[in-house]
Amino acid sequence: AQSVTQPDIHITVSEGASLELRCNYSYGATPYLFWYVQSPGQGLQLLLKYFSGDTLVQGIKGFEAEFKRSQSSFNLRKPSVHWSDAAEYFCAVETTGGGNKLTFGTGTQLKVEL
Amino acid sequence: DVKVTQSSRYLVKRTGEKVFLECVQDMDHENMFWYRQDPGLGLRLIYFSYDVKMKEKGDIPEGYSVSREKKERFSLILESASTNQTSMYLCASSGQGPRETQYFGPGTRLLVL
């Protein structure tokens, strides 16, 4: 069965610093991978997704993610964090068996210090 | 703009009550989902529907049922609410086929006393 691991429960960065959120997946074939963000009191919003091709994927709000098959990773990055980026971030992999179902990681809570 | 709405943002119910959580999407999506979100556990799929009147159990269906009588509406039912069902409930919808983006509603925070 597919699984997603986000090893960091909480991360604190200073505004303007770079950010990397880790995501590791377990999947037999080429995975379909997603990063979502959840601002306080809100639902989830898609940041970016990877299906195939270029392993560096650009998303909204200045985020990018790099797919590394050899490391089974799909880490999310941002060169300069803004205070409004404080939120919870979820990595997800599409589940086999059809239906567009997703398996989510446990999330990483990002705090931004001013 | 795509929109998924949930009937309540906050709900307080008593143990043993029957609880209905409603979700409506305006994107003509075939797929709809109900998730439960708990701290440290991420999102877990309760039920999934791929068409009107069609449903499939997710990872944690026990204690829940669903109804999809119309394409745009997907209801989650707690037949007899229990305190361990206190949680945040998120609804999502997507088009059919792989790689479709799931769009989420704002969530319903349910407290069962």
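It should be emphasised that the depicted structure is a prediction, and the values quoted were computed from it without experimental measurement. (Residues numbered from 1 in each chain as written. Chains lettered and ligands numbered in written order. Predicted model: local features only at pLDDT ≥ 70, side-chain atom pairs only at ≥ 80, totals over all residues. Heavy atoms only, no water.)

Enquirer: Break down the layout of surface pockets for me, with residues and values.
Expert: Taken as a whole, the largest pocket holds about 390 Å³ of empty space. At the level of secondary structure, the elements contributing two or more residues to the lining of the largest pocket comprise strand S10 (87-94) and strand S12 (108-113) of chain A together with strand S4 (31-38) and strand S9 (87-94) of chain B. In terms of residue count, the dominant contributor to the lining of the largest pocket is S10(A) (3 residues). For the lining of the largest pocket, a count of residues per class yields 6 nonpolar, 13 polar and 3 charged. In terms of lining, the second largest pocket is formed by 17 residues, of which the most central are A:Gln42, A:Gly43, A:Leu44, A:Gln45 and B:Phe104. Elements that contribute at least two residues to the lining of the second largest pocket include exactly strand S6 (44-50) of chain A together with strand S10 (103-104) of chain B. Here the lining of the second largest pocket gets 3 residues from one element, more than from any other, and that element is S6(A). Tallied by class, the residues present in the lining of the second largest pocket amount to 8 nonpolar, 7 polar and 2 charged. (1 Å grid on protein atoms, 1.4 Å probe; cavity = no way out; pocket = protein on both sides within 12 Å on 5 of 7 lines; lining within 4 Å. Points joined across faces, edges and corners; volume = space filled by probe spheres on them. Helix = DSSP H or I, 4+ residues; strand = E, 2+ residues; numbered from the N terminus. Nonpolar A, V, L, I, M, F, W, Y, C, P; charged D, E, K, R; others polar.)

Enquirer: For a nonpolar patch on the surface, give the residues involved together with the corresponding values.
Expert: All names here are of chain B. Together, Val-12, Leu-111 and Leu-113 line one region of the surface with nonpolar side chains, adding up to about 260 Å² of accessible area. Along the polypeptide, Leu-111 turns up in strand S11 (residues 108-112). With relative accessibility at 38%, the residue Leu-111 sits in the partly exposed group. (Patch = residues over 30% accessible without salt bridge, like charges linked within 9 Å, V, L, I, M, F, W, Y side chains within 5 Å. Areas by Shrake-Rupley, 256 points an atom, 1.4 Å probe, with all protein chains shown as cover. Salt bridge = Lys/Arg side-chain N within 4 Å of Asp/Glu carboxyl O. Buried < 20%, exposed > 50% of the residue type's maximum accessible area, 1.4 Å probe, protein only.)

Enquirer: Give a description of the confidence of the model for chain A that names residues and reports values.
Expert: For chain A, the average pLDDT comes to 92, and 98% of its residues sit at 70 or higher. Across chain A, element-level confidence peaks in strand S3 (residues 19-21) of chain A with a mean pLDDT of 98 and bottoms out in strand S11 (residues 102-104) of chain A with 92. (pLDDT = per-residue confidence, 0-100.)

Enquirer: Which residues make up unusual backbone geometry, and what values do they have?
Expert: Note on backbone geometry: most residues besides glycine have negative phi, and most peptide bonds are trans. Residues and elements named next belong to chain B. Positive phi is not limited to glycine here, since Asp-28 has a value of about 60 degrees. Even without being a glycine, Lys-53 presents a positive backbone phi close to 65 degrees. Along the polypeptide, Lys-53 turns up in the loop between strand S5 (42-51) and strand S6 (54-57).

Enquirer: Break down the nonpolar core for me, with residues and values.
Expert: Residues A:Leu19, A:Trp35, A:Leu47, A:Leu48, A:Phe74, A:Leu76 and A:Tyr89 are the most contacted members of the largest nonpolar core, which totals 26 residues. Broken down by secondary-structure element, the contributors of at least two residues to this core are strand S2 (10-14), S3, strand S5 (33-38), S6, strand S8 (64-68), strand S9 (73-78), S10 and S12 of chain A. Take this core: its biggest share by element is 4 residues, from S10(A). Those residues in contact with A:Leu48 that sit more than four places away from it in its chain are A:Leu33, A:Phe34, A:Trp35, A:Val57, A:Gln58, A:Gly59, A:Phe63, A:Glu64, A:Ala65, A:Phe74 and A:Leu76. In this structure, B:Leu11, B:Trp34, B:Leu76 and B:Leu78 belong to the second largest nonpolar core, which totals 21 residues. (Core = buried A, V, L, I, M, F, W, Y, C linked by side-chain atoms within 4.5 Å. Contact = heavy atoms within 4.5 Å.)

Enquirer: Outline the interface of chain B and chain A, supporting the account with residue identities and numerical values.
Expert: Taken residue by residue, the interface counts 24 residues in chain B and 21 residues in chain A. Summing both sides of the interface, chain B and chain A together bury roughly 1,700 Å²; the carbon and sulfur share of this comes to 52%. Taken as a group, B:Leu43, B:Arg99 and B:Phe104 account for 32% of the area that chain B buries against chain A, more than any other trio of residues on that side. In this assembly, chain B and chain A are joined by 1 salt bridge. Counting across the chain B and chain A interface gives 9 residue pairs in polar contact (both at pLDDT 80 or more). Elements represented by at least two residues in the side of chain B that touches chain A include exactly S4, S5 and S9 of chain B. (Buried area = accessible area lost by both parts, 1.4 Å probe. Polar contact = N/O pair within 3.5 Å; in protein donor to acceptor, adjacent residues only side chain to side chain.)

Enquirer: Which residues make up the state of the cysteines, and what values do they have?
Expert: Applying the stated criterion to the full structure yields 2 disulfides over all chains. Here A:Cys23 pairs with A:Cys91 through a disulfide, and the sulfurs are 2.0 Å apart. Negative torsions about the S-S bond denote left-handed disulfides, and the value of about -65 degrees found for A:Cys23 with A:Cys91 makes this one left-handed. Of the two residues, A:Cys23 is situated in the loop between S3 and strand S4 (24-26) and A:Cys91 in strand S10; the sequence distance between them amounts to 68 residues. A relative accessible area of 0% means that A:Cys23 is categorised as buried. Classification of A:Cys91 by relative accessible area gives buried; the value is 0%. Two residues share a disulfide in this structure: B:Cys23 and B:Cys91, whose sulfurs sit 1.9 Å from each other. The chirality of the disulfide connecting B:Cys23 with B:Cys91 is left-handed, given an S-S dihedral of about -75 degrees. On the criterion of sequence distance, the pair formed by B:Cys23 in strand S3 (residues 19-25) and B:Cys91 in strand S9 is long-range, its members being 68 residues apart. Like B:Cys91, B:Cys23 is buried. (Disulfide = S-S within 2.5 Å.)

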